[in-house]
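Report on the structure
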Amino acid sequence: PGRVLAAQQIPFTVIEPSSEQVDFSRRFGTKLYYGDPARPEILRAAKVGEAKVFILALDDPEHSLRVARVVRRLYPSLRILARARNRQHAFKLMDLGVDEILRETLHSSLELTRRTLESIGFKPEDAAERVERFRQFDEQLLVEQHLVYDDESALIQSTEQSRKDLVALFEAGASGMRGTGK
């Protein structure tokens, strides 16, 4: 996000816990604070309370959860967008009231799926439609599974049912597809 914001001359501040990344970012004139963004004094020094949005993009899921917890407690109305490593990480971010969660590998997995479908003969528009249908299905499933993710048997049951629902979703859509190449 930083490069796009900078290119549009939108001011932003970075809180960076990695000294190597601090040196790199400073070369580009980024307003930057070095320290742990889970520490309230760092957040206050960076004037997070004046921000319109807080982007949480740390590599370590546990660290990002600590930061989300502190930011949500100190700035309850601040909009938080976060990157999640996987479904379990996303569920925990949802527990903390993070406003938007983007799963790290979802987009690239969906793009690989689209390209795979095209490589085996699907028309590009059909491949794109099926991938989009799956994305919407999976986003809804994530919300539903968030309610039971800490109950292993309920999560397993939900996962098994979602597989059946997904097959039915694609079977229903296949009747309207023209020449999928399958």
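Just so we're clear, the structure is a prediction, and the values are computed from it rather than from any experiment.

Points about unusual backbone geometry
For residues besides glycine, phi is generally negative; the peptide bonds are generally trans as well. With phi around 60°, Gln 9 is a residue other than glycine that occupies positive phi space. Inspection of the secondary structure puts Gln 9 in the loop between helix H1 (2-7) and strand E1 (13-16).

Considerations on the sheet that holds strand E3 (residues 53-56)
Each strand in a sheet pairs with another by means of backbone hydrogen bonds, the pair being arranged parallel or else antiparallel. Reading across from one edge, E3-E4-E5 is the order of the three strands in this open sheet, with parallel pairing throughout. Two strands bound the open sheet, and with one partner strand each, they are E3 and strand E5 (100-103). For this sheet, the mean angle separating the axes of adjacent strands, direction not counted, is 15°. The pairing of strand E4 (residues 79-84) with E5 spans four bridges and is parallel. Its bridge partner being in E5, Arg 83 is matched across the sheet by Leu 102. Helix-sheet contacts for helix H4 (residues 61-74) involve E3 and E4, and the interaxial angle to E3 is about 165°. Packed on one face of the sheet, helix H5 (residues 87-95) meets E3, E4 and E5 and runs near 165° to E4.

Observations concerning the pattern of salt bridges
When charged atoms on two side chains of opposite charge get close, those side chains can pair. In the structure shown here, the tally under the stated rule is 14 salt bridges. Among the ionic pairs, Asp 99 bridges to Arg 72, the shortest N-O distance being 3.2 Å. Note that Asp 99 is positioned in the loop between H5 and E5 and Arg 72 in helix H4, a separation of 27 residues in sequence. Look at Asp 99 and you get partly exposed, because its relative accessible area is 39%. We classify Arg 72 as buried; its relative accessible area is 17%. What emerges from the salt-bridge pattern is a single network uniting Asp 59, Arg 83, Arg 85 and Glu 104.

With respect to the environment of Val 143
With respect to the helices and strands, Val 143 occurs in helix H7 (residues 124-146). Between the alpha carbons of Val 143 and Met 94 there is a distance of 8.9 Å; along the sequence they are 49 residues apart.

What about H5?
One turn of the α-helix equals 3.6 residues, which is why residues spaced by three or four share an orientation. Among all positions in H5, only His 89, Ala 90, Phe 91 and Leu 93 are buried. Elements in contact with the buried residues of H5: E3, H4, E4, E5 and H7. Once H5 ends, the next one or two residues include Gly 97, with phi positive near 80°.

Parameters and conventions
Residues numbered from 1 in each chain as written. Predicted model: local features only at pLDDT ≥ 70, side-chain atom pairs only at ≥ 80, totals over all residues. Heavy atoms only, no water. Helix = DSSP H or I, 4+ residues; strand = E, 2+ residues; numbered from the N terminus. Pairing = 2+ DSSP bridges. Axes fitted to C-alpha atoms, helices over the stretch in contact; angles between N-to-C directions. Contact = heavy atoms within 4.5 Å. Salt bridge = Lys/Arg side-chain N within 4 Å of Asp/Glu carboxyl O. Buried < 20%, exposed > 50% of the residue type's maximum accessible area, 1.4 Å probe, protein only.

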